[in-house]
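# Secondary and tertiary structure notes
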Amino acid sequence: ATSMPPPLEYYHALLLQLRTLQNMKNVMDVTLHKDNNRNATDLTRVSITCQDKKKRSHTWHAELYPAIVLTVDLPADFVLEDITVHGGANASKSTDKKWWVNMNTVNHHNDDPSSLQEKQQLLPRIQQHFEQTINNYQSLFDELDDLDSNLWILEPTLPARRS
């Protein structure tokens, strides 16, 4: 049985948020992926790659429909209000909230609509929090870079199998 494709408002919100992500300062790549288990036209997965202060690349992944499921490689808990991702190798967490609903509601009275719209956009908020978390671990990444540049691992030749 095939599941229902995302509604049109999902695609509208996705396009708005992808434009915002692409214009963010440290974002180097935004890649949409088709879900092979769904309709071939459903764009339901995204990978975002950004650079830290030392030009190192970091990527987070999200399944976007029917709910957001984040996957990040971070050494600590990654918390963003209604989404918590427990760190470690490929940890993931989801939210049942339909993130694309109410994206068109903008308060025109006291805020710049573009800044208010950016505050409401979940994917750019995730990216901002991801960058802040990455910045907290700069000393760790420096140490890992030092290990990479100064440590050599000599692989032993494969021992012959003996019976």
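Quick caveat: nothing in here was measured; it's all calculated off a predicted structure.

When its secondary structure is counted, the chain shows four helices and seven strands. Order of helices (α) and strands (β) in the chain, N terminus to C terminus: α-β-β-β-β-β-β-β-α-α-α. Within the chain, the proportion of its 163 residues that are buried is 34%. For the chain, long-range pairs separated by at least 24 residues make up 49% of all intrachain contacts whose partners lie at least 6 apart in sequence.

This paragraph deals with the pairing of strand β3 (residues 57-63). Residues His58, Trp60 and Ala62 line the buried face of β3, whereas the alternating positions Ser57, Thr59, His61 and Glu63 sit on a face that is not buried. With seven bridges joining them, strand β2 (residues 43-51) and β3 adopt antiparallel strand pairing. Bridge pairing in β3 places Cys50 opposite His58. Adjacent in sequence and paired antiparallel, β2 and β3 are bridged by five residues, among which Lys55 carries a positive phi angle near 65°. Judged from the three bridges that link them, β3 and strand β4 (residues 69-74) form a sheet pairing that is antiparallel. Opposite Glu63, over in β4, you have Val69 as the bridge partner.

Compared with an ideal rise of 1.5 Å per residue, which puts 15 residues at 21 Å, helix α1 (residues 8-22) spans 21 Å between its outermost C-alpha atoms and is within 8% of the ideal. Within α1, the full set of buried residues consists of Tyr10, Ala13, Leu14, Leu16, Gln17, Leu18, Thr20 and Leu21.

On to the nonpolar core, then. By size, the foremost hydrophobic cluster in this structure holds 28 residues, and its most contacted members are Trp60, Leu64, Ile68, Trp99, Leu123, Ile126 and Phe130. The set of elements that each furnish at least two residues to this core consists of α1, β1 (27-34), β2, β3, β4 and α3 (122-136). Setting aside residues no more than four positions away along its own chain, Trp60 makes contact with Val46, Ser47, Ile48, Leu70, Thr71, Val72, Leu123, Ile126, Gln127 and Phe130.

In this section: the pattern of salt bridges. Considering all chains together, one arrives at four salt bridges under this definition. Between Lys54 and Asp142 there is a salt bridge, with the nearest N and O atoms lying 3.2 Å from each other. One end of the pair, Lys54, is in the loop between β2 and β3; the other, Asp142, is in helix α4 (residues 138-150), with 88 residues separating them in the sequence. Note that Arg56 and Asp142 form a salt bridge whose closest N and O atoms lie 3.0 Å from each other.

Take the side chain of Asp52 next. Within the element layout of this structure, Asp52 appears in the loop between β2 and β3. Exposure remark for Asp52: the relative accessible area of 6% places this residue in the buried category. Engagement of the side chain of Asp52 in a polar contact is seen with the side chain of Arg56, the distance being 2.9 Å. Of note is the side chain of Asp52, whose polar atom sits 3.3 Å from the side chain of Gln138. Here Asp52 is in contact with His58, Ile134, Gln138 and Phe141, once residues within four sequence places are set aside.

Cut-offs and rules
Along each chain, residue indices are assigned from 1 in the same order as the chain's sequence is written. Predicted model: local features are reported for residues with pLDDT of at least 70 only, side-chain atom pairs are reported and counted for 80 or more only, and whole-chain, interface and lining totals are derived from all residues. The side-chain values count all of the structure's non-hydrogen atoms but skip hydrogen atoms and water molecules. Only runs of H or I of at least four residues qualify as helices and only runs of E of at least two qualify as strands under DSSP, and these elements are numbered from the N terminus. The cut-offs for exposure are 20% and 50% of the maximum accessible area for each residue type, with area from a 1.4 Å probe on protein chains only; residues under the lower value are buried, those over the upper are exposed, and the others partly exposed. Only heavy atoms enter the contact rule, under which two residues are in contact if any of them lie within 4.5 Å. For two strands to be treated as a pair, DSSP must find no fewer than two bridges joining them. Helices are assigned an expected span. That span is 1.5 Å times one less than the residue count. Here, the term nonpolar core denotes a set of buried Ala, Val, Leu, Ile, Met, Phe, Trp, Tyr and Cys residues that are joined through side-chain atoms within 4.5 Å. Put simply, a salt bridge is a Lys or Arg side-chain nitrogen that is within 4 Å of an Asp or Glu carboxyl oxygen. We define a polar contact as two N or O atoms separated by no more than 3.5 Å, with the added condition that, inside protein, one atom must be a possible hydrogen donor and the other a possible acceptor, whereas residues neighbouring each other in sequence contribute only through side-chain atom pairs.

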